[in-house]
Amino acid sequence: MKKFTMRAVPLLVGVGLGLAATAGWSAETLQDVMKRRNLSQQDLLAAAKTYVPTGKRDEFVAFSSGGQSGQIIVYGIPSMRILKYLAVFTPEPWQGYGFDENSKAVLDQGKIDGKSITWGDTHHPAISETQGKYDGQFLFINDKANPRIAVIDLRDFETKQIVVNPVFKSEHGGAFVTSNTEYVIEAAQYPAPLENKKFYPLEEMNEKYRGGITYWKFDRKEGRINPKESFTIEAPPYWQDLSDAGKGPSDGWSFTNSFCAERYVGGIEKGRPPYEAGCSAKDTDYMHVINWKKAAELVKAGKAKKINGHDVLPLEVSAKEGVLFLVPEPKSPHGVDVSPDGKYIAVGGKLDTHASVYSFEKIQAAIQAGKFESKDPYGVPVIGMKDALHTQVQLGLGPLHTQYDSKPCVAYTSLYVDSQVAKWDYCQGKVLDKISVHYNIGHLMTMEGDSADPKGRYLVALNKLAIDRFVPVGPLHPQNHQLIDISNDKMQLLYDMPLPLGEPHYVVAIEATKLKPGVRYKVGTDSRTDKPHPGAVRAGEETTTKKGNKIEVKGTLIRSHITPETIEAEVGDEITVHLTNLERAQDETHGFTVSTYNVHASIEPGKTVTVKFKADKEGVYPYYCTEFCSALHLEMMGYLLVKPKGWKPTKTGLASQGYTETDYKATVKKVADTQVVIDSVVGYITSVNFKDFPDVVAMVEDATDQLGKMKDAKAKHEAAAAKKDWEQANLWAEQVWQYQVKAADLGLRAKTYLEQNGAKKVAK
Ligand code: CUK
Ligand code: CUA
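Residues numbered from 1 in each chain as written. Chains lettered and ligands numbered in written order. Predicted model: local features only at pLDDT ≥ 70, side-chain atom pairs only at ≥ 80, totals over all residues. Heavy atoms only, no water.

## Brief notes about the overall build of the chain
A tally of regular secondary structure across the chain gives 13 helices and 44 strands. Taking the principal axes of its C-alpha atoms as reference, the chain extends roughly 100 × 70 × 55 Å. The buried share of the chain, reckoned over its 764 residues, is 55%. Across the chain, the fraction of contacts at a sequence separation of at least 24, relative to all contacts at a separation of at least 6, is 63%. Summing over all exposed atoms, the chain offers an accessible surface of approximately 34,000 Å²; the carbon and sulfur share of this is 55%. Averaging the locations of the 94 positively and 95 negatively charged side chains of the chain gives two centres separated by 3 Å. (Helix = DSSP H or I, 4+ residues; strand = E, 2+ residues; numbered from the N terminus. Buried < 20%, exposed > 50% of the residue type's maximum accessible area, 1.4 Å probe, protein only. Contact = heavy atoms within 4.5 Å. Areas by Shrake-Rupley, 256 points an atom, 1.4 Å probe, with all protein chains shown as cover. Lys, Arg positive; Asp, Glu negative; His and termini not counted. Charge placed at Lys NZ, Arg CZ, Asp CG, Glu CD.)

## Looking at the state of the cysteines
Considering all chains together, one arrives at two disulfides under this definition. Residue pairing for Cys260: its cysteine sulfur links by disulfide to Cys279, the two sulfurs lying 2.1 Å apart. Looking along the S-S bond of the Cys260-Cys279 disulfide, the torsion reads about -60°, which is the left-handed sense. Highlighted residues: Cys260 in the loop between strand 13 (253-259) and helix 6 (275-278) and Cys279 in the loop between helix 6 and strand 14 (284-291), separated in sequence by 19 residues. Given the relative accessible area of 6%, Cys279 is considered buried. Take the cysteines of the chain that form disulfides and number them in order along the sequence; they join up as 1-2, 3-4. (Disulfide = S-S within 2.5 Å.)

## Notes on the sheet that holds strand 15 (residues 305-307)
Strand order in this open sheet of six strands is 8-9-10-11-16-15, and the pairing throughout is mixed. Strands at the two margins of the open sheet, each flanked by one partner only, are strand 8 (176-177) and strand 15. Here two bridges tie strand 8 to strand 9 (residues 183-187), and the two strands are oriented antiparallel to one another. When the bridges of strand 9 are listed, Phe176 appears paired with Ile185. (Pairing = 2+ DSSP bridges.)

## Overview of the side chain of Gln492
Here Gln492 lies in strand 31 (residues 492-499). For Gln492, a relative accessible area of 10% corresponds to the buried category. Setting aside residues up to four positions removed in sequence, Gln492 forms contacts with Gln42, Leu45, Ala46, Lys49, Ile435, Leu483, Ile484 and Asp485.

## Brief notes about the confidence of the model for the chain
When pLDDT is averaged along the chain, the result is 94, and 96% of the positions lie at 70 or above. The model gives residues 1-21 a pLDDT under 50, and that stretch makes 15 contacts with residues more than four places away or in other chains. (pLDDT = per-residue confidence, 0-100.)

## Considerations on the site of ligand 1
Taken together, His123, His124, His172, Leu242, His334, His401, Gly442, His443, Lys464 and His505 form the complete shell of residues around ligand 1. Class assignment of the residues belonging to the shell around ligand 1 gives a composition of one nonpolar, eight polar and one charged. (Near = heavy atom within 4 Å. Nonpolar A, V, L, I, M, F, W, Y, C, P; charged D, E, K, R; others polar.)

## Thoughts on the pairing of strand 32 (residues 507-511)
In terms of burial, strand 32 is a largely internal element, four of the five residues being buried. Inspection of the sheet shows strand 1 (residues 60-65) paired to strand 32 by five bridges, in the antiparallel sense. Looking at the pairing, Ala62 lines up with Ala509 of strand 32.

## Structural notes on the packing of helix 12 (residues 694-722) against helix 13 (residues 726-756)
Axis separation between helix 12 and helix 13 bottoms out at 8 Å; the angle between their running directions is 165°. Relative to helix 13, helix 12 is oriented roughly antiparallel. Judged by the sense of rotation from one axis to the other, the crossing of helix 12 with helix 13 is left-handed. Split into classes, the residues belonging to the contact of helix 12 with helix 13 amount to 19 nonpolar, five polar and seven charged. (Axes fitted to C-alpha atoms, helices over the stretch in contact; angles between N-to-C directions. Parallel < 35°, antiparallel > 145°, perpendicular 65-115°, else oblique. Left-handed = near helix turned anticlockwise from the far one by under 90°.)

## Details of the pattern of salt bridges
Applying the stated rule across the entire model yields 40 salt bridges. Across the pair Lys607 and Glu604 runs a salt bridge whose closest N-O atoms are separated by 2.8 Å. Of the two residues, Lys607 and Glu604, both sit in the buried class. The network of salt bridges with common partners includes Asp153, Arg155, Asp156, Lys160, Arg224 and Asp530. (Salt bridge = Lys/Arg side-chain N within 4 Å of Asp/Glu carboxyl O.)

## Some remarks on unusual backbone geometry
In this chain, Ile77 is followed by Pro78 through a cis amide linkage whose omega measures 15°. You can see Pro78 is positioned in the loop between strand 2 (71-77) and strand 3 (82-87). A cis amide bond, omega -10°, links Arg559 with the succeeding residue Ser560. With respect to the helices and strands, the residue Ser560 is situated in the loop between strand 36 (550-558) and strand 37 (561-563). Its identity is not glycine, yet Ser419 carries a phi of approximately 50°, on the positive side. Turning to its location among the elements, Ser419 is positioned in the loop between strand 25 (410-415) and strand 26 (420-425). Given the relative accessible area of 10%, Ser419 is considered buried.

## Looking at the sheet that holds strand 40 (residues 590-594)
Taken in spatial order, the five strands make up an open sheet running 38-44-43-40-41, and their pairing is mixed. Sheet topology places strand 38 (566-570) and strand 41 (600-603) at the edges, where each strand pairs with a single neighbour. Here the strands of the sheet are splayed against their neighbours by 15° on average, with no regard to which way each runs. By the bridge criterion, five bridges tie strand 38 to strand 44 (residues 637-643) in an arrangement that is parallel. By the bridge assignment for strand 44, Ile567 is matched with Leu640.

## Here we look at the domain arrangement of the chain
Domain boundaries in the chain define domain 1 (165-394), domain 2 (525-643) and domain 3 (661-756). Between the C-alpha centres of domain 2 and domain 3 the distance comes to 25 Å. Each side of the interface is counted separately: domain 2 has eleven residues, and domain 3 has 15 residues. Of the roughly 990 Å² buried between domain 2 and domain 3 on both sides combined, carbon and sulfur atoms contribute 42%. The largest per-residue losses of area from domain 2 upon contact with domain 3 belong to Arg559, Arg584 and Gln586, which jointly make up 46% of the total buried on that side. (Domains from an automatic or database assignment. Buried area = accessible area lost by both parts, 1.4 Å probe.)

## Concerning the nonpolar core
The biggest cluster of nonpolar side chains holds 49 residues, and the ones touching the most others in it are Tyr215, Phe255, Met287, Ile345, Tyr358 and Ile363. Here this core takes five residues from helix 7 (residues 292-300), the largest share from any one element. Counting residues in hydrophobic clusters, the runner-up holds 42 residues, among them Ala46, Ile72, Leu494 and Val507. (Core = buried A, V, L, I, M, F, W, Y, C linked by side-chain atoms within 4.5 Å.)

## Concerning a nonpolar patch on the surface
A cluster of nonpolar side chains, contributed by Leu397, Tyr416 and Val417, occupies part of the molecular surface with about 260 Å² of accessible area. As for its placement among the helices and strands, Leu397 is situated in the loop between strand 23 (389-394) and strand 24 (399-404). Taking relative accessible area as the criterion, Leu397 reaches 41% and is therefore assigned partly exposed. (Patch = residues over 30% accessible without salt bridge, like charges linked within 9 Å, V, L, I, M, F, W, Y side chains within 5 Å.)

## Considerations on the side chain of Ser318
If you trace the backbone, Ser318 turns up in helix 8 (residues 315-321). Among the residues examined, Ser318 registers a relative accessible area of 0% and is labelled buried. Apart from residues no more than four positions distant in its own chain, Ser318 is found in contact with Ile233, Leu313, Val323 and Leu324.

## Here we look at helix 13
Compared with the 45 Å implied by 1.5 Å per residue over 31 residues, the 44 Å span of helix 13 between its first and last C-alpha is a close match. Two residues or fewer past helix 13, Gly758 is found with a positive phi of approximately 65°. (Expected span 1.5 Å × (residues − 1).)

## Some words on helix 7
Buried within helix 7 we find Trp292, Ala295, Ala296, Leu298 and Val299. Along helix 7, the residues classed as buried sweep out an arc of 160° about the axis, all on the same side. In helix 7, the exposed positions that point more than 90 degrees away from the buried face belong to Glu297 and Lys300. (Arc of directions from axis to C-beta.)

Set out below in structure tokens:
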């Protein structure tokens with residue numbers, strides 16, 4: 001076996017050294033380790049609660065906003081091990097995102113006024129829901145800076161779509177989904193004229209500036225937002241903030257906070273008190289209570305006006321038709337979080353010490369009775385705070401966001417100023433427990449804790465400051481996500497995780513078993529459109545064509561060669577390369593790049609990807625596979641030859657290798673020896689129920705594919721040998737061996753898998 005895996009020899013040496021080095025510690029007891037590392041019983045308990053042994057998996061998968069990185073960070077809970085970064089608004093080279101044509105097409109959807117925007121300020125990820133419960137199918141996230149929403153398909157964890165908000169200049173209260181993901185909610189933040197590129201002076205804030213809440217229609221079958229069926233509710237120029245959708249009894253409604261209901265305009269440079277003073281002067285702001293179902297009907301009935309080609313329901317219509325209501329909220333509210341049963345809405349006021357719990361039933365009763373305390377300056381009915389409140393609970397300084405437990409009536413609220421998490425009972429209105437975090441918490445998150453079916457167990461505190469928690473790495477500190485055990489009455493801090501990217505605002509976590517991602521694509525798929533890629537070809541169908549100055553390559557990738565291995569061009573040619581990964585085996589990804597042309601693609605099994613560039617400089621440019629995919633990965637390369645115009649060859653024929661008959665015979669013997677081992681592996685695989693294991697079936701398919709190619713290479717080496725062309729004979733015999741090596745590698749992987757997964761003998 002050793003002779004098939006070339007990495008086996010150094011590996012065995014490495015293992016030997018490892019054993020020798022650790023032998024001295026092997027007698028150490030748990031007590032010894034605790035003493036040596038200065039660990040307490042409490043530390044050990046925390047470690048036992050978070051440690052996920054090698055080979056085991058996490059219970060929950062978290063999707064964290066990557067903040068200004070414009071990405072999403074995926075990690076496991078409770079281990080807090082980072083699993084992946086998802087490229088969303090920002091180019092990401094490993095995944096080829098922004099470096100191949102297919103993903104560029106997605107990034108290009110996010111252009112605003114024709115300009116590429118290659119970053120995003122992501123705040124709130126949201127998992128698609130069915131009846132208010134996470135269904136694990138799709139993920140959405142917003143870009144606060146450049147008002148946009150992205151759609152990620154959780155079948156392959158790839159960004160499929162970016163939509164640009166047609167009427168906002170900034171946003172914040174997205175992405176939040178309605179109970180059955182009918183709509184993805186995106187609320188504005190800083191008011192501005194809704195018309196695009198229209199100027200009004202700040203003096204006209206009250207008249208011409210507007211906020212709004214956009215409802216993006218999600219087409220689950222297509223897995224895309226349908227902008228044509230999406231609409232916006234025009235809102236007063238209060239600064240809309242967070243949103244949440246109703247569920248259960250409140251399904252059909254949504255809630256959006258606002259602050260700076262003062263509609264203050266700053267101007268510190270002109271001697272005016274700054275925004276921070278003018279925007280928090282009054283004691284209350286407004287929660288927007290919206291009947292989105294009714295709004296959708298009114299839009300359908302033609303009550304919307306078109307702004308920038310998009311349906312906007314005018315403020316007068318919403319006010320008159322019972323779509324929009326306002327409820328006062330204490331001082332600079334931030335989070336608005338609907339309880340799992342859909343009956344309550346918890347709001348934290350940044351400058352208030354209370355969490356305010358509003359009752360949906362009371363709000364409805366007031367609306368039914370037409371009981372309003374006033375109208376705002378835009379004619380929107382205002383429900384009295386007392387008529388809507390269920391209770392207010394004094395939690396501490398700077399309450400922000402609330403999440404729910406699996407236990408009834410139990411909620412957790414972040415206290416920004418106190419740097420604490422408060423556990424409290426929102427039915428009875430009392431505090432149950434508090435724990436300090438490090439430091440200044442923004443959002444917090446419990447497992448599926450914003451859904452109709454929270455799972456309890458763990459809480460993650462998303463702290464704004466890390467200060468002294470980690471080894472210093474310069475003035476820009478890592479972010480700190482702290483894991484807290486909430487399965488008992490007292491909360492227990494378990495773990496600090498440095499997050500080396502962005503300022504993550506919010507994170508959502510789903511039971512790992514609810515996610516069912518694929519491991520390969522149907523051969524020839526464009527993963528960004530989920531459709532067959534027009535440049536896809538199968539083995540043996542590869543082509544290179546030239547029309548005018550346009551060269552189009554339809555190539556393939558399979559261990560360990562790229563077809564074609566030479567691309568010949570003239571200076572100025574435009575080159576398009578489509579590459580299909582023919583592998584079926586799990587995790588056999590190939591990458592592709594061409595020296596100095598700033599292209600890169602990640603081509604997972606079955607995928608087809610296009611890269612495009614202009615060969616604008618004469619020279620020799622190697623291209624190669626960028627993933628270490630096999631023992632002969634480094635040989636997985638080719639040359640792009642860019643010739644000057646009118647170039648004529650002066651030399652023909654490649655240099656000889658000088659192989660002899662002896663070399664050929666030795667290779668043929670090597671091939672025969674290898675076949676014996678392959679036969680034994682095949683014997684084992686076919687003696688068990690391998691067909692019951694789809695992963696093994698894929699590996700066997702790939703191996704059979706490799707072995708199938710042997711026939712042609714064998715015929716070639718025998719024909720060359722008959723002509724005593726030992727050079728060609730030996731090289732083609734070596735190619736037979738290459739196919740064998742790859743087949744054997746797959747066979748051994750399949751055998752190991754079967755042995756580890758309890759394959760059973762079958763009768764022949
Ligand atoms: S926000 Cu950052 S701490 Cu954008 Cu949800 Cu509250
Ligand atoms: Cu394919 Cu390396």
